[in-house]
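# A look at the structure
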Amino acid sequence: MTRTILTLEQMREAEQAAECSLGELMERAGEALAEAVALGSAPRAVLVLAGPGNNGGDGYVAARHLRDRGFDVRIAALADPKSDLAVDARTAWDGEVERLGDDTKPAPILIDCLFGTGLSRPLDDALAATLMRLAERAEFTIACDLPSGIETDSGALLSDVPEYDLTLALGALKPAHRLSPAMRHCGQVAVADIGIDAASDWFEIAEPVLPPARPEGHKYDRGLVQLLAGEMPGAIALAAKAAARSGAGYVRLFTSQPIEGLPDAIVQTDQGSVQDERIGCLLVGPGMGDIPVLITLALTAPKPIVFDADAIRHVGDPERLVGHDVILTPHEGELKALFGDIEGSKADRALVAAQRCQNVVVYKGADTLVAAPDGRLGFAPPAPSALATAGTGDVLSGIIATLRARGMDAFEAACAGVWIHGRAAERAGDPLIADDLIAALPDLT
Ligand SMILES: NC(=O)C1=CN([C@@H]2O[C@H](COP(=O)(O)OP(=O)(O)OC[C@H]3O[C@@H](n4cnc5c(N)ncnc54)[C@H](O)[C@@H]3O)[C@@H](O)[C@H]2O)[C@H](O)CC1
Ligand SMILES: [K+]
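The following paragraphs examine the structure supplied in this document. Each chain has its residues counted from 1, following the order in which its sequence is written. The lettering of chains begins at A and the numbering of ligands begins at 1, in the order of writing. Owing to the predicted nature of the model, reporting of local features is limited to residues with pLDDT of at least 70; listing and counting of side-chain atom pairs is limited to 80 or more, with chain, interface and lining totals taken over all residues. With hydrogens and water stripped out, all remaining heavy atoms of the structure feed into the side-chain values.

### Describing the site of ligand 1
Around ligand 1, the surrounding shell holds 25 residues, and the nearest of these are Asn55, Asp58, Gly116, Arg121 and Asp145. In the analysis that follows, any N or O atom pair within 3.5 Å is treated as a polar contact, provided that within protein one partner can donate a hydrogen and the other can accept it, and provided that, for residues neighboring in sequence, both atoms belong to side chains. Contact distances for ligand 1 include 2.7 Å between an oxygen atom and a side-chain N or O atom of Asn55. Measuring from a nitrogen atom of ligand 1, one finds a backbone N or O atom of Pro122 at 3.1 Å. Residue-level accessible areas treat just the shown protein chains as cover; the underlying method is Shrake-Rupley with a 1.4 Å probe. Contact with the protein chains covers 87% of the free accessible surface of ligand 1, which is 870 Å². Secondary structure elements follow DSSP: runs of H or I no shorter than four residues count as helices, runs of E no shorter than two count as strands, and numbering proceeds from the N terminus. The set of elements that each furnish at least two residues to the shell around ligand 1 consists of helix H1 (8-17), helix H2 (22-40) and helix H3 (54-68). When we say a residue is near a molecule or strand, we mean one of its heavy atoms is within 4 Å of it.

### Points about helix H5 (residues 125-137)
Expected helix span is computed as 1.5 Å times (number of residues minus one). With 13 residues, H5 should cover 18 Å at 1.5 Å per step; its first-to-last C-alpha distance of 18 Å lies within 8% of that length. Each residue is assigned to one of three classes by its accessible area relative to the maximum for its type, calculated with a 1.4 Å probe on protein chains only: buried under 20%, partly exposed between the two thresholds, exposed over 50%. For H5, the full list of buried residues reads Leu127, Ala128, Thr130, Leu131, Leu134 and Ala135. In an axial view of H5, the angular spread of the buried residues amounts to 160 degrees, which keeps them on one side of the axis. Facing away from the buried side of H5 by more than 90 degrees, the exposed set consists of Asp125, Glu136 and Arg137. Whether two residues are in contact is decided by their heavy atoms, any of which lying within 4.5 Å being enough. On the buried face of H5, the contacting elements are strand S2 (45-50), strand S5 (109-113) and strand S6 (140-144). The reported arc concerns the directions from the helix axis to the C-beta atoms and nothing else.

### What to know about the side chain of Thr392
Here Thr392 is to be found in helix H11 (residues 392-405). The buried category is assigned to Thr392, whose relative accessible area is 7%. Within the structure, the side chain of Thr392 is placed 3.1 Å from the backbone oxygen of Thr389, a separation counted as a polar contact. In this view, Thr392 contacts Leu387, His421, Leu432, Ala434 and Leu437; residues no more than four positions away in its chain are not counted.

### Topic: the pattern of salt bridges
Here a salt bridge means any side-chain nitrogen of Lys or Arg lying within 4 Å of a carboxyl oxygen belonging to Asp or Glu. This structure, assessed with the given rule, holds 22 salt bridges. For the salt bridge of Asp94 with Arg67, the shortest nitrogen-to-oxygen distance reads 2.9 Å. Within this pair, whereas Asp94 is found in the loop between helix H4 (84-91) and strand S4 (98-99), its partner Arg67 is found in helix H3, the two being separated by 27 residues in sequence. Relative accessible area serves as the criterion here: at 33%, Arg67 is assigned to the partly exposed category. Asp435 serves as the salt-bridge partner of Lys241, at 3.9 Å between the closest nitrogen and oxygen. One end of the pair, Lys241, is in helix H6 (residues 233-245); the other, Asp435, is in helix H13 (residues 434-444), with 194 residues separating them in the sequence. Of the residues examined, Lys241 reaches a relative accessible area of 23% and is grouped as partly exposed. The class for Asp435 is partly exposed, based on a relative accessible area of 35%. Several salt bridges converge on common partners, so that one network encompasses Arg3, Arg178 and Glu204.

### Regarding the coordination of the potassium ion (ligand 2)
Perfect tetrahedral coordination of a metal by four donors corresponds to 109.5 degrees between them, and perfect octahedral coordination by six donors corresponds to 90 or 180 degrees. For the potassium ion (ligand 2), every protein donor is listed as Asn55 (OD1), Asp112 (O), Phe115 (O), Cys144 (O) and Leu146 (O), and the spread of their distances is 2.5 to 3.0 Å. For Na, K and Ca the donor cutoff is 3.2 Å, while for all other metals N, O and S atoms must lie within 2.8 Å; water is not among the atoms, so some sites may look incomplete. Positions of the donor residues of the potassium ion (ligand 2), expressed as sequence spacing, correspond to N-x56-D-x2-F-x28-C-x1-L. On the criterion of sequence distance, the pair formed by Phe115 in the loop between S5 and H5 and Cys144 in strand S6 is long-range, its members being 29 residues apart. Note on Phe115: relative accessible area 19%, which makes it buried. Residue classification places Cys144 among the buried positions, given a relative accessible area of 0%.

### Here's the deal with the sheet that holds strand S11 (residues 250-254)
Think of it this way: DSSP has to see at least two bridges between two strands before they count as a pair. Across the sheet, which stays open at both edges, the eleven strands sit in the order S1-S9-S18-S17-S16-S15-S14-S13-S10-S11-S12 with mixed pairing between neighbours. Two strands in the sheet have a free side with no partner beyond their single neighbour: strand S1 (3-4) and strand S12 (267-269). Here strand S13 (residues 281-284) runs beside strand S14 (residues 305-308); their pairing, made up of three bridges, is parallel. In the sheet register, Leu282 faces S14, and the bridge partner there is Ile305.

### Structural notes on H3
In this model, H3 (15 residues) spans 21 Å end to end at C-alpha, consistent with the 21 Å of a helix rising 1.5 Å per residue. Of all the 15 residues making up H3, twelve are buried; the element is thus mostly covered by neighbouring parts of the structure. Taken from the residues just after H3, Gly70 is the one with a positive phi, measuring 95 degrees.

### Details of the nonpolar core
Take the buried residues of types Ala, Val, Leu, Ile, Met, Phe, Trp, Tyr and Cys, join any two whose side-chain atoms come within 4.5 Å, and each joined set is a nonpolar core. Judged by nonpolar contacts, the single largest core of 57 residues is most densely connected at Leu227, Ile327, Val362, Val370, Val395, Leu403 and Ile420. Those elements that provide at least two residues to this core are strand S10 (224-228), H6, S11, S13, strand S16 (360-363), H11, helix H12 (410-428) and H13. Counting residues per element, this core draws most heavily on H12, which supplies eleven residues. Ignoring sequence-local partners within four residues, the contact set of Leu403 consists of Leu210, Met408, Ala413, Ala416, Gly417 and Ile420. Counting 45 residues, the second largest nonpolar core, distinct from the first, contains Ile5, Leu179, Ala301 and Leu369.

### Some thoughts on the sheet that holds strand S7 (residues 166-170)
The seven strands are arranged S4-S3-S2-S5-S6-S7-S8 in an open sheet whose pairing can be described as parallel. Here the strands that pair on one side only, and so sit at the sheet edges, are S4 and strand S8 (188-192). Pairing geometry for strand S3 (residues 72-77) and S4, over two bridges, is parallel. Residue pairing across strands places Ala76 opposite Glu98, the latter belonging to S4.

If you want it as structure tokens, here you go:
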């Protein structure tokens, strides 16, 4: 199921538009938090850290529900509640409230309800140190909505942040749950349905529905991926194999020198035209090197194109791509080479890039994003860090080119490719090499 991602502003609007009262939202949030803890542990000692805002309010509610479920609950508060909702939640808790500090004793279960989406500045050093110490001493750590210390829209760490076992996102995912560096601190991320129902163009990329192959179809129905080789054969060979193993009907490589070791089914030729109507998608860039004329050639083709790696660096001006049907797959350095410095969070940068070239941009990294010029933004679910090895990007471009050639729309193909690539990495294990990803593709495509 696709999970919606809401910014701080959208979250506040959604809260106001909710059919129930804000108090009811907080009650559901606290109850969901207690439920999540009870699912993960038999009743035992719990320490709830409560902040001054509504995140703290959720903590008082959760404490009440956990005590009802037989947990031995302590609350340590940073300060008295400031918001009306949090005051009400505090009042409904008839147990003791400790003052949070250096001498706060740890417990096997730690619930962090210090700050959520309202965090506006770094935690004080002493508070951050206390949080780190208590998290280290706990066996099960859970963050309410967000780990405290994280900026919700950018995913930046404003101070030291523990790595939690579980983060319970309230109402919807926030950008920080799927952006680096914050995402690595969230642990497993579950979403609690508290009655907020907001639409957004931002979402977590989910398992794709791939186009079925027609039983009576021929090889061109399954897609002809046309690759243009450049100076270095290794990268384009990986992309070609990935394209073939992702279910392309036909993979053809224009190359002046045959590349050794490729399956015979991948046709290598120095003849042919990018004008061939049967081409489903062109792929240019892996191993291209310094042959920018390949970009000019590809842009004469009347068909969709994937530009990866060196091709991105050689486009020159993003506006050159306007009016063409292109998917760009830059990592950080390539994005900067083509678009220069763009202000804002990674999400902002991805969308600005897509706007400027009027095409789909797959902005790669530990937190890959897929941006469309119309404002849609897909956030990749976490993928193994073992993907940070040479050649994995070539494999991704090969997968995306095949999905595009199989008839998927550019944004859908890019999102699906990113999802499949991440799952292939999970299957390949750690450490992996790019070839291991290719071996995992047939089961996923
Ligand atoms: N969105 C929903 O539908 C619901 C969200 N809930 C929870 O409410 C928080 C957001 O609450 P808010 O009061 O806006 O913010 P916080 O609790 O995160 O903190 C605000 C509070 O803290 C002060 N502050 C900010 N940064 C610092 C700092 N570094 N040091 C000290 N103090 C700081 C700030 O001035 C405010 O006073 C959301 O995440 C959910 O957990 C509700 O449950 C209802 C449903
Ligand atoms: K929190």
